[in-house]
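So the chains spell out like this:
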Amino acid sequence: MKKHILLILLTGIVFSVAPVDAKEINLDAGDTYRQDDLTVTCGQASVETPLAINNCQHWDDFNKKCLFETTTYLYKNLECVEECQYWDKFNNSCHYQTKCNFYPAQKSFVRTTCEKFDTFNKRCERTREMRIGR
């Protein structure tokens, strides 16, 4: 959104001195427009986001469907996995799923896992956070 606003402003400035028959130019990320000694390049968004890949962790052979998916987040050489840490085989449900949070400024993930799980009440009593990255 920011790149489109900047592009509109740049286009407005560049063509405000042009005659009334001004033209409109739409650029996608990485595209370049040249006119005489002017070059305008549309850059990529500055916010970096990790790649997310989903895989089936628990499969139902009878119904032929995935009951729970893991999500693996990849950023450069870092990897963080959200998965079911406490799976109830009888009810086919996840009682605790790990969580990954990405912090672009630190180029790091923080992965939250359950350190102490109450099997009777089926809940996490204490979590643990681990930094993955710099």
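Refer to the structure presented above.
Residues numbered from 1 in each chain as written. Predicted model: local features only at pLDDT ≥ 70, side-chain atom pairs only at ≥ 80, totals over all residues. Heavy atoms only, no water.

K.L.:
Looking at this structure, how should I read the state of the cysteines?
P.N.:
Put plainly, a disulfide is one covalent bond tying together the sulfur atoms of two cysteines. By the definition in use, this model includes four disulfides. Here Cys80 connects covalently by a disulfide to Cys100, the sulfurs 2.1 Å from one another. Between Cys80 and Cys100, the disulfide has an S-S torsion of -90° and is therefore left-handed. One end of the pair, Cys80, is in strand E5 (residues 78–82); the other, Cys100, is in strand E8 (residues 99–103), with 20 residues separating them in the sequence. The same class applies to Cys80 and to Cys100, which are both buried. A sulfur-sulfur separation of 2.3 Å characterises the disulfide bridge that pairs Cys114 with Cys124. Between Cys114 and Cys124, the S-S dihedral sits near 110°, and the bridge is therefore right-handed. Of this pair, Cys114 sits in strand E9 (residues 108–118) while Cys124 is found in strand E10 (residues 123–133), placing the two residues ten residues apart along the sequence. Classification of Cys124 by relative accessible area gives partly exposed; the value is 23%. Each bonded cysteine in the chain gets a number by its place in the sequence, and the pairs come out as 1-2, 3-6, 4-5, 7-8. (Disulfide = S-S within 2.5 Å. Helix = DSSP H or I, 4+ residues; strand = E, 2+ residues; numbered from the N terminus. Buried < 20%, exposed > 50% of the residue type's maximum accessible area, 1.4 Å probe, protein only.)

K.L.:
How do you make sense of the environment of Lys116 when you look at a structure like this?
P.N.:
Tracing the backbone shows Lys116 in strand E9. On a C-alpha basis, the gap between Lys116 and Arg126 in space is 5.1 Å, while along the polypeptide they are ten residues apart. Not counting residues up to four positions away in its chain, the partners in contact with Lys116 are Arg123, Cys124, Glu125 and Arg126. (Contact = heavy atoms within 4.5 Å.)

K.L.:
So what exactly am I meant to see when it comes to the sheet that holds strand E4 (residues 65–75) here?
P.N.:
Whether parallel or antiparallel, the strands of a sheet pair through hydrogen bonds between backbone atoms. Strand order in the open sheet formed by three strands is E3-E4-E5, with antiparallel pairing between adjacent strands. A single partner strand is all that each edge strand has here, and the edge strands are strand E3 (51–60) and E5. With strand direction ignored, the average angle separating the axes of adjacent strands in the sheet is 25°. (Pairing = 2+ DSSP bridges. Axes fitted to C-alpha atoms, helices over the stretch in contact; angles between N-to-C directions.)

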